[in-house]
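# Summary of structural features
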Amino acid sequence: MTTRPDSAALLAWYDRHHRRLPWRIGPADRAAGAKPDPYRIWLSEVMLQQTTVTAVKPYFEAFLARWPRVCDLAAADEAEVMKAWAGLGYYSRARNLKACADAVAERHGGRFPDTEAALLALPGIGAYTAAAIAAIAFDRPATVVDGNVERVVSRLFTVEEPLPDAKPALKRLAATLTPQRRAGDFAQAMMDLGATLCTPRKPACPLCPWSEACRGRAAGAPETYPRRRAKAERPTRRGIAYVAMRSDGAVLLRRRPPKGLLGGMSEVPSTDWTPAAPAESPPLPGPWAAAGRIEHTFTHFHLILEVRLARRPAGDPAPDGFWWSTAADLAGEALPSVMRKVVGAAQKAFGS
DNA sequence: GACCCGTGGGA
DNA sequence: TTCCCAAGGGT
């Protein structure tokens, strides 16, 4: 026998146990009249897409310090935004972030729209983010559904249909819980609940404000929800990366194509990444020496790169489409993590 | 709907 | 080590 989950009970829990986050206006501050800044809510929500709070915090602080308002971001160079995003992953988010800032500045007079439909029309804002901004920044009664909410709701109601097929049903169930007032706090409460108590493994049910209402707990196996379809295995691809390094430590870089994998980011030249081991095909004159190998796992494949090193004299000119990045500049380049591993392996071989 | 798109931490 | 997966969006 279970009772129905009560939004008031969750809000009361949130008032006592909510996390303090740099982009969040706490319930006490809000009650005292503090208003959330839509720019900060938007920036944090985009950064938090498929990304942990721990990873986001330093990037959020850096972006806010450098571009305090949406108009500052609209005035920035896209290349600078890409550099500042390097390491956070899913780089189309950075391109869309810039495009969204441009659209808000040009089409909306520098103010974010306050409805789900208008937000949804902006680049990089999908169903989740539109609802989150509408609820958190503008206190609209939008139903916010992310991975946490899907987990909480699937456990509350023992939803047997597997993800992703269950998404519409989970959203309908979540909508039945969303209150007309304090919808923003309610959304954040659901996410805090999922992040701190209703966790993927070993949920802390005795501490949960909804433990009496939870069918998953009553059934004895809440951690088995949500159900998921079996996922395909991750294939391995192989390639060879060529690092030209000058005697002063500068490295030859180029820009990747604007879209697709690591779109718009910088890279060391390499062969194609293919299932079979590729043949040597240096894009530049050698001689090339072995400099170890690195491995990196992307969302949908695992990559093994053999690293080659060529030593170049100081003053060596950069070929068309390339530039020399000095040892001092490397840290600030728009290099994705996999390329930082490649450069690191070359630097190790260079010193030995 | 299926597929593509990063990264790092925890178990 | 290996696997999971975190405040998803675009095409």
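Residues numbered from 1 in each chain as written. Chains lettered and ligands numbered in written order. Predicted model: local features only at pLDDT ≥ 70, side-chain atom pairs only at ≥ 80, totals over all residues. Heavy atoms only, no water.

For chain A, an unreviewed UniProt entry supplies the name Adenine DNA glycosylase and the organism Prosthecodimorpha hirschii. In its Sequence similarities (unreviewed entry) section, the UniProt entry covering chain A states "Belongs to the Nth/MutY family." (UniProt positions renumbered as here; feature names shortened; annotations may be inferred.)

### With respect to the domain arrangement of chain A
When the domains of chain A are assigned, the result is domain 1 (7-224) and domain 2 (236-350). If you average the C-alpha positions of domain 1 and of domain 2, the two centres end up 36 Å apart. With seven residues of domain 1 at the contact, the number on the domain 2 side is 14 residues. Across the domain 1 to domain 2 interface the summed buried area is about 730 Å²; carbon plus sulfur atoms make up 57%. Contact with domain 2 buries surface across domain 1, with Lys-83, Tyr-91 and Arg-95 losing the most and accounting together for 57% of the total. Taken together, the connections running from domain 1 to domain 2 amount to zero salt bridges. In this structure, the connection of domain 1 to domain 2 is made through three residue pairs in polar contact (both at pLDDT 80 or more). (Domains from an automatic or database assignment. Contact = heavy atoms within 4.5 Å. Buried area = accessible area lost by both parts, 1.4 Å probe. Salt bridge = Lys/Arg side-chain N within 4 Å of Asp/Glu carboxyl O. Polar contact = N/O pair within 3.5 Å; in protein donor to acceptor, adjacent residues only side chain to side chain.)

### Focus: the pattern of salt bridges
The final tally for this structure, using the stated rule, is 19 salt bridges. In this structure, Arg-19 and Asp-192 form a salt bridge, with 3.0 Å as the shortest nitrogen-oxygen distance. Linking Arg-19 in the loop between α1 (7-17) and α2 (27-31) with Asp-192 in helix α12 (residues 183-196), this pair joins segments that are 173 residues apart in sequence. Classification of Arg-19 by relative accessible area gives partly exposed; the value is 26%. Asp-37 serves as the salt-bridge partner of Arg-40, at 3.6 Å between the closest nitrogen and oxygen. A residue is classified by how much of its surface remains accessible, and Arg-40, at 35% relative accessible area, is partly exposed. Bridged by salt links that share partners, the residues Asp-15, Arg-182 and Asp-185 form one connected network. (Helix = DSSP H or I, 4+ residues; strand = E, 2+ residues; numbered from the N terminus. Buried < 20%, exposed > 50% of the residue type's maximum accessible area, 1.4 Å probe, protein only.)

### Some points on the protein's contact with DNA strand B
Near DNA strand B there are 19 residues, and of these Leu-262, His-296, Thr-299, His-300 and Ser-337 occur at the shortest range. Within 4 Å of the protein, the atoms of DNA strand B are drawn from sugar and phosphate moieties in a proportion of 62%. In the environment of DNA strand B, a phosphate oxygen lies 3.3 Å from a nitrogen or oxygen atom belonging to the backbone of Leu-261. When contributions to the surface near DNA strand B are tallied by element, the ones reaching two or more residues are β4 (289-297) and α15 (337-351). Partitioned by chemical class, the residues of the surface near DNA strand B number eight nonpolar, ten polar and one charged. (Near = heavy atom within 4 Å. Nonpolar A, V, L, I, M, F, W, Y, C, P; charged D, E, K, R; others polar.)

### Here's the deal with the UniProt feature "domain: HhH-GPD" (unreviewed entry) in chain A
Following the UniProt record, the feature "domain: HhH-GPD" (unreviewed entry) maps to residues 47-196 here. In the segment residues 47-196, helix accounts for 64% and strand for 0%; the C-alpha atoms at its two ends are 20 Å apart.

### Some points on unusual backbone geometry
Note on backbone geometry: most residues besides glycine have negative phi, and most peptide bonds are trans. With omega at 5°, the peptide bond leading from Leu-163 into Pro-164 counts as cis. In this structure, Pro-164 sits in the loop between α10 (147-156) and α11 (167-177). A positive phi angle is found at Thr-158, which is not glycine, with a value near 40°. Assignment of secondary structure puts Thr-158 in the loop between α10 and α11. Even without glycine at this site, Lys-202 takes up a positive phi of about 45°. For Lys-202, the position within the fold is in the loop between α12 and α13 (215-219).

### Considering the state of the cysteines
On inspection of all chains with the given rule, the structure shows zero disulfides. Cys-100 takes part in no disulfide bond, and the closest cysteine sulfur to it belongs to Cys-71, at a distance of 12 Å. Considering cysteine sulfurs only, Cys-198 is the nearest to Cys-208, which forms no disulfide, with 6.3 Å between them. Given a relative accessible area of 18%, Cys-208 falls into the buried group. (Disulfide = S-S within 2.5 Å.)

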